[in-house]
Amino acid sequence: MWFTESIYLVFLATGFTVGFGHCIGMCGPIVISISLQLKDRPVFFPQLFYNLGRTVTYAILGGIMGATASFTRFAADVGGLQKGILVFAGILIVLMGAGMTGWLPAGRIFKNAPPVAGFAVSAYKRLIAANRAILFLPLGMVLGLLPCGPVYTAMIAAARTGMDAGTTFSGMLAGAGVMACFGLGTIPALLLLSQVSNVKWLKHRDMIYKTGGILMILVGVFFTWKGITY
Amino acid sequence: MRTYFARIPQTLIMCIMMMLISCLFAVCSGSAASAKKAQTECNIHEGACSLQLTGRTVALEISPRPVRAMADLTFRVTVSGPPLSGTPHIDLGMPGMEMGPNRVNMEKTGENTYTGNGVIVRCPSGKTTWRAAVTVPETGTAAFVFDVVY
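When helices and strands are tallied, chain A shows 11 helices and 0 strands. Its helices and strands in sequence order give chain A the pattern α-α-α-α-α-α-α-α-α-α-α, from N to C terminus. Taken across its 230 residues, chain A has 53% of its residues classed as buried. When contacts within chain A are restricted to residue pairs at least 6 apart in sequence, long-range pairs at least 24 apart make up 84% of them.

Spelled out as structure tokens, the structure:
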């Protein structure tokens, strides 16, 4: 049984421990942004689908690592894409924060966005107004491409399992398994954070809510700057 | 009453998570072996770094230089003294930051020399300080702290 092989358990446990440290720092602002943005709506399933989206992306990356049995080749190819994703995540957090504060025009702009405002605004509006939690899956899939040290480490392990595998296909499956286990391991920490940031009384204190929005804008600017300088 | 019961799954999940974290910390603290440890800071770009560990000199050399993140690297460990019963391994990590298990397995390539391949990953935080912990069988762990180039 593949699951009993230690590498999968090791990376499930790694995801779990890294989740409570590294991921809360890196993905925490995104998770909190989603929770605060949903305001009175339930956050559990949107957050679950966001995290499953990340895990799907990790599994795909793991599959590529396992099939090619090389990490550095991939790293050289997707560096630019990851930079773009980091900038995208930063801008998304800034937009969410701007929408939350209310006194910034962003929230009103999105509510009355003209058709020419473009795909980004339309996608943002749909996402925030979404009643179907599954719409957070593609967001998670895109943000699963964010550059992240522990994800790189899991990718190295996936590439190594690919080296040890007999065929390209079995290497792909093994690599995908390692990364999927890692992704699943990170979910409890981020789900817990989403529940903590969903405290109703906090969300209904206008001053705190606006302060949270400003902090999100600052975090978003930091993400964008990191993306530009990455 | 209904709200109370609706909160039970969330509370239960949180309790289970807290228990899991506690167990994990207990296991981690229990597994800390009483092996000898030594640490040094060095400039790995200039050549091999060395450290005294229970009567042996452990030297680490990484090539190509300058040592860059996200690139294929060759790690060479030289251990002085009598032959070892097994091969050393290197665990790569960042001081104060959990980066996941990144182990370089080594093969004997000379009388006291062991070589392995690995990758130091890039941390988006921008921090460049890494630690290579060389575990030598029956001897202990020699940790080398150095900066890499991004």
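Quick look at the overall build of chain B now. What chain B contains, in helices and strands, is 1 helix and 10 strands. Ordering the α and β elements of chain B from the N terminus gives α-β-β-β-β-β-β-β-β-β-β. Across the 150 residues in chain B, those meeting the buried criterion constitute 38%. On chain B, roughly 8,400 Å² of surface is accessible, and the fraction owed to carbon and sulfur atoms is 56%.

Bringing the environment of Ile62 of chain B into the picture now. Residue and element names in this part refer to chain B. As for its position among the elements, Ile62 is in strand E3 (residues 56-63). The buried category is assigned to Ile62, whose relative accessible area is 0%. Residues in contact with Ile62, not counting those within four places in the same chain, are Ile44, Val67, Leu73, Thr74, Phe75 and Phe146.

All names here are of chain A. For chain A, per-residue confidence averages 80 on the pLDDT scale, and residues scoring 70 or more make up 80% of the total. The least confident element of chain A is helix H5 (residues 105-111), whose mean pLDDT is 49; the most confident is helix H3 (residues 44-68), at 94. Contacts from residues 112-117, a stretch scored under 50 in pLDDT, to residues over four places away or in other chains number 2 contacts.

A word on the interface of chain A and chain B. Contacts between the two partners involve 26 residues from chain A and, on the opposite side, 26 residues from chain B. Carbon and sulfur atoms make up 73% of the area that chain A and chain B hide from each other, which totals about 2,200 Å². On the surface where chain A and chain B come into contact, there are 0 salt bridges. Viewed at the interface, chain B and chain A are joined by 5 residue pairs in polar contact (both at pLDDT 80 or more). Contributing elements (two or more residues each) for the side of chain A that touches chain B: helix H1 (6-26), helix H4 (72-101), helix H8 (149-164), helix H9 (168-196) and helix H11 (206-229) of chain A. A total of 9 residues in the side of chain A that touches chain B trace back to one element, the largest contributor, which is H1 of chain A. A per-class count over the side of chain A that touches chain B returns 16 nonpolar, 8 polar and 2 charged.

The next thing to look at is empty space enclosed by the protein. Residues and elements named next belong to chain A. Per the stated rule, a full pass over the model turns up 1 cavity of 30 Å³ or more. The volume enclosed by the largest cavity comes to roughly 60 Å³. As for the largest cavity, its lining consists of Cys23, Met26, Cys27, Tyr58, Leu143, Gly144, Leu146, Cys148 and Val151. Classifying every residue of the lining of the largest cavity gives 8 nonpolar, 1 polar and no charged.

Structurally, Thr224 of chain A is set in helix H11. Residues contacting Thr224 of chain A, with those up to four places away along its chain left out, are Val87, Gly90 and Ile91 of chain A.

Let us now look at the nonpolar core. One finds Phe71 of chain A together with Leu60, Phe75, Ile90 and Phe146 of chain B to be the most contacted residues of the largest nonpolar core, which totals 85 residues. Ranked by the residues each element gives to this core, the list is headed by H4 of chain A, at 10 residues. In this view, Ile90 of chain B contacts Leu60, Phe75, Val77, Asn102, Arg103, Val104, Met106, Ala132, Ala133 and Val134 of chain B; residues no more than four positions away in its chain are not counted.

Applying the stated criterion across every chain yields a total of 1 disulfide over all chains. A sulfur-sulfur separation of 2.2 Å characterises the disulfide bridge that pairs Cys42 of chain B with Cys49 of chain B. Across the disulfide from Cys42 of chain B to Cys49 of chain B, rotation about the S-S bond amounts to roughly 100°, and the bridge is consequently right-handed. For Cys49 of chain B, a relative accessible area of 5% corresponds to the buried category. Cys23 of chain A supplies the cysteine sulfur nearest to Cys148 of chain A, a cysteine that is in no disulfide, at a spacing of 5.7 Å. According to the relative accessible area criterion, Cys148 of chain A is buried, its value standing at 9%.

Residue and element names in this part refer to chain B. When strand E2 (residues 49-53) meets E3, the two strands line up antiparallel, connected through 5 bridges. Residue pairing in the sheet places Ser50 in a bridge with Ala59 of E3. In sequence, E2 turns back onto E3 through a hairpin of 2 residues, with Thr54 there showing a positive phi of about 40°. Alignment of E3 against strand E4 (residues 72-79), held across 6 bridges, turns out to be antiparallel. Paired with Glu61 across the strands is Arg76, a residue of E4.

Quick look at the sheet that holds E4 of chain B now. The sheet built from 5 strands is open, its strands ordered E2-E3-E4-E8-E7 (chain B) with antiparallel pairing. In this open sheet, the two strands that pair with only one neighbour each are E2 and strand E7 (107-108) of chain B.

Here we come to the layout of surface pockets. Within this model, the second largest pocket holds a volume of roughly 740 Å³. Along the wall of the second largest pocket there are 30 residues; nearest its centre are Ile156 and Arg160 of chain A together with Arg103, Asn105 and Asn117 of chain B. When residues of the lining of the second largest pocket are traced back to their parent elements, those giving at least two are H1 and H8 of chain A together with E4, strand E6 (103-105) and strand E8 (113-119) of chain B. A per-element tally of the lining of the second largest pocket places H8 of chain A first, with 8 residues. The class makeup of the residues in the lining of the second largest pocket is 14 nonpolar, 11 polar and 5 charged.

What counts, and at which threshold
Residues numbered from 1 in each chain as written. Chains lettered and ligands numbered in written order. Predicted model: local features only at pLDDT ≥ 70, side-chain atom pairs only at ≥ 80, totals over all residues. Heavy atoms only, no water. Helix = DSSP H or I, 4+ residues; strand = E, 2+ residues; numbered from the N terminus. Buried < 20%, exposed > 50% of the residue type's maximum accessible area, 1.4 Å probe, protein only. Contact = heavy atoms within 4.5 Å. Areas by Shrake-Rupley, 256 points an atom, 1.4 Å probe, with all protein chains shown as cover. pLDDT = per-residue confidence, 0-100. Buried area = accessible area lost by both parts, 1.4 Å probe. Salt bridge = Lys/Arg side-chain N within 4 Å of Asp/Glu carboxyl O. Polar contact = N/O pair within 3.5 Å; in protein donor to acceptor, adjacent residues only side chain to side chain. Nonpolar A, V, L, I, M, F, W, Y, C, P; charged D, E, K, R; others polar. 1 Å grid on protein atoms, 1.4 Å probe; cavity = no way out; pocket = protein on both sides within 12 Å on 5 of 7 lines; lining within 4 Å. Points joined across faces, edges and corners; volume = space filled by probe spheres on them. Core = buried A, V, L, I, M, F, W, Y, C linked by side-chain atoms within 4.5 Å. Disulfide = S-S within 2.5 Å. Pairing = 2+ DSSP bridges.

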